[in-house]
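Here's the letter readout for the chains.
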Amino acid sequence: MITAHSAVATGPDLTAGSDRRYSSEMIIRARIVVTMHGAPIENGAVAVSGNRIVDIGTFDDVKARNAGNTVDLGEQALLPGLINAHCHLDYTCLRGKIAPQKSFTDWIRAINAKKSGLSPKDYVASINEGFEEAKKFGTTTIANLTAFPELIAQIQPAIRTCWFAELIDIRAPNRANELVDFAMESLRSALECADMSALSKRRHVAALQTQHSGLAPHALFTASKDVFHRCEEISKQQQILLTTHLAEAREEMEMFRDASGSLYEFMKGIGRSMDDCGNETPLGLFVGAPGGRALPHWIVAHLNELSETDFELLERSNSKFHVVHCPRSHNYFGHSPFAFDRLRSLGFNICLGTDSLASNESLSLFAEMRLFQKNFPQVSPEEIFRMVTVNPARALRQENALGQIQPGFVADLIAVPCSTSTDIFEQILAFDAPVSWTMVNGNM
Ligand SMILES: [Zn+2]
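Residues numbered from 1 in each chain as written. Predicted model: local features only at pLDDT ≥ 70, side-chain atom pairs only at ≥ 80, totals over all residues. Heavy atoms only, no water.

Topic: the overall build of the chain
- Along its length, the chain carries 16 helices and 15 strands.
- What you see for the chain is a C-alpha radius of gyration of 22 Å, in line with the 22 Å of a compact globule of 444 residues.
- Projected onto its principal axes, the C-alpha positions of the chain cover 70 × 50 × 40 Å.
- Residue pairs at least 24 apart in sequence account for 74% of intrachain contacts in the chain once pairs closer than 6 positions are excluded.
- About 17,500 Å² of surface is accessible on the chain, with carbon and sulfur atoms providing 50% of the total. (Helix = DSSP H or I, 4+ residues; strand = E, 2+ residues; numbered from the N terminus. Rg over C-alpha atoms; globule rule 2.2 N^0.38 Å. Contact = heavy atoms within 4.5 Å. Areas by Shrake-Rupley, 256 points an atom, 1.4 Å probe, with all protein chains shown as cover.)

Brief notes about the state of the cysteines
- Summed over the entire model, instances satisfying the criterion amount to zero disulfides.
- A disulfide-free cysteine, cysteine 162 has its sulfur positioned 12 Å from the sulfur of cysteine 351, the nearest such atom. (Disulfide = S-S within 2.5 Å.)

Here's the deal with the nonpolar core
- With 105 residues, the main nonpolar core has Leu215, Phe286, Leu303, Phe321 and Phe385 as its most contacted residues.
- A total of seven residues in this core trace back to one element, the largest contributor, which is helix 4 (residues 176-196).
- Those residues in contact with phenylalanine 286, other than ones at most four positions away along the chain, are Leu220, Phe228, Thr244, Leu246, Arg293, Leu295, Trp298, Val300 and Phe321. (Core = buried A, V, L, I, M, F, W, Y, C linked by side-chain atoms within 4.5 Å. Buried < 20%, exposed > 50% of the residue type's maximum accessible area, 1.4 Å probe, protein only.)

Regarding the packing of aromatic side chains
- Applying the stated criterion across every chain, the model contains 18 aromatic pairs.
- Taken together, a centroid distance of 4.2 Å and an interplanar angle of 35 degrees make the contact between tyrosine 123 and phenylalanine 148 tilted. Of the two residues, tyrosine 123 is situated in helix 3 (residues 120-136) and phenylalanine 148 in the loop between strand 7 (139-146) and strand 8 (160-167); the sequence distance between them amounts to 25 residues.
- Residue phenylalanine 148 is classed as partly exposed on the basis of its relative accessible area of 22%.
- It is lysine 320 that lies over the ring of phenylalanine 348; its NZ or CZ is 5.4 Å from the centre. (Phe/Tyr/Trp six-rings, centres within 6.5 Å; stacked < 30°, edge-to-face > 60°. Lys NZ or Arg CZ within 6 Å of the ring centre and 35° of its normal.)

Considerations on empty space enclosed by the protein
- Summed over all chains, the structure comprises one cavity of 30 Å³ or more.
- Approximately 50 Å³ is the volume found for the largest cavity.
- The wall of the largest cavity is formed by Pro80, Gly81, Ile83, Thr140, Thr141, Ala401, Leu402, Gly403, Gln404, Val410 and Asp412. (1 Å grid on protein atoms, 1.4 Å probe; cavity = no way out; pocket = protein on both sides within 12 Å on 5 of 7 lines; lining within 4 Å. Points joined across faces, edges and corners; volume = space filled by probe spheres on them.)

Looking at the sheet that holds strand 6 (residues 82-87)
- A sheet is described by the order of its strands in space; here eight strands give the open sequence 6-7-8-9-10-11-12-13, paired in parallel fashion. Each edge of the sheet is formed by a strand with only one pairing partner; in this case those strands are strand 6 and strand 13 (349-352). Within the sheet, the average angular offset between the axes of one strand and its neighbour, ignoring direction, is 25 degrees.
- With four bridges joining them, strand 8 and strand 9 (residues 214-217) adopt parallel strand pairing. Within strand 9, the position partnered with glutamate 166 by the bridge is alanine 216. (Pairing = 2+ DSSP bridges. Axes fitted to C-alpha atoms, helices over the stretch in contact; angles between N-to-C directions.)

Quick look at helix 7 (residues 250-258)
- Those residues of helix 7 lying buried are Glu251, Glu252, Met253, Met255 and Phe256.
- Residues of helix 7 that are buried make contact with helix 2 (104-115), strand 10 (241-246), helix 8 (262-269), helix 9 (282-287) and helix 10 (308-316).
- In the segment just after helix 7, alanine 259 is the residue with positive phi, at about 50 degrees.

Quick look at the environment of valine 54
- Assignment of secondary structure puts valine 54 in strand 3 (residues 52-58).
- Residue classification places valine 54 among the buried residues on the basis of a relative accessible area of 13%.
- In this structure, the C-alpha to C-alpha distance between valine 54 and valine 410, residues 356 residues apart in sequence, is 9.2 Å.

A short note on the coordination of the zinc ion
- All of the protein donors around the zinc ion are His86 (NE2), His88 (NE2), His245 (NE2) and Asp355 (OD); their distances to the metal are 2.1 to 2.5 Å.
- Coordination geometry of the zinc ion: the four donor atoms subtend angles of 87 to 168 degrees at the metal centre, consistent with an arrangement described as irregular. (Donors = N, O, S within 2.8 Å, 3.2 Å for Na, K, Ca; no water. Tetrahedral: all angles 85-135°; square planar, octahedral: opposite > 155°, others 65-115°.)

With respect to the pattern of salt bridges
- The final tally for this structure, using the stated rule, is 19 salt bridges.
- Close ionic contact of arginine 31 with glutamate 75 constitutes a salt bridge, the shortest N to O distance being 3.5 Å. Residue arginine 31 is located in strand 1 (residues 26-33), and its partner glutamate 75 is located in the loop between strand 4 (69-72) and strand 5 (76-80); the two are separated by 44 residues in the primary sequence.
- When its relative accessible area of 11% is taken as the criterion, arginine 31 is described as buried.
- Residue glutamate 75 is classed as partly exposed on the basis of its relative accessible area of 47%. (Salt bridge = Lys/Arg side-chain N within 4 Å of Asp/Glu carboxyl O.)

Examining unusual backbone geometry
- The backbone of aspartate 355 shows a phi angle near 55 degrees, a positive value even though the residue is not glycine.
- Looking at where aspartate 355 falls in the secondary structure, it is placed in the loop between strand 13 and helix 13 (365-375).
- The backbone phi angle of arginine 397 is positive, close to 55 degrees, even though this residue is not glycine.
- Inspection of the secondary structure puts arginine 397 in the loop between helix 15 (390-395) and strand 14 (413-417).
- The partly exposed category is assigned to arginine 397, whose relative accessible area is 26%.

The values are spatial; any link to function lies outside them.
Rendered as structure tokens:
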């Protein structure tokens, strides 16, 4: 695991008696505190020391147990910071630059054309701009795929970041190990470099950089079996996270299952070996990899195109991966309906993401929750809110540090206005503005 600062929760012992006092530096009071474990606390408060939450409860109780200055947020709800489970900040600068295309393959052609005009300097600016926007909309942790891990050392994340080095070897066949090892080394040295700067005034930035990170073979159609295999080997050895895009578009299904369609023709045309096409669905290939696949290691984005045989496969599978749904990007591409109910009933941990601004309008997870609610009105607002807090924390193996307001968890908090009139989770989903109060890693 690439982590210089362990994110394992080390909270105070709350069993020591109600008269125990904590050494907090700050007490944050709000009309309601939405902890995501147990009922929201009316007239609640959170005590923070350093980058950790040390106490929660009603304002009176927290004040009685803690010294420290009070920050009163007034008529607001205090929430755990939001977690974006799938994004590519590389392409923040492509917002509005690619109109929806007739086919997914045409979109790939269009983004490739745009990417060819971007320099490393453009990508650094694009990623930094994306961090600021994500933070503006209440995101305090982001799972960010980058095609340029070597640029990480030049970047100053405004929020907590799980970096994933994205891997595509379509134009470099037979160099899978070399490619993956180079990406891993780039990731490691960029993060170490950031960690070294913990000794300097960039301490805050470094603390956010050195979180759990991982590898991202882009997709079955762009990354070879060998790349996937090597990534899994490294993941097992070093406990890093893995993510990929799977069963995203109809053309991907056509390519693998039927050996036909525009994605098939495009990939064949650029020299990809098409030996793996004509038999299995994308999910069948992914789950049924030779030697088995360590499914719990994987965070799988999309999963829009699933056949009945795929569902049978998922039902038979004992282990589960994590799933990320990106509602607005899904809408932009016009993919088949996302099978939320079936995947949930099979026990998948489902999270929300924004994907990149090459297929979305903004990096607001509030907007993603609202579109999800429109598409799945039977799902409770609380469950939807879990998909940007508790669920992605689990996918990122940070369930003891992120996504809830609990003693021992990191102090990543946001506040949004609230009233007494309606359900608090309904109010959260309806919030449609920049977040005016944010704390990341104990810093306001
Ligand atoms: Zn993506």
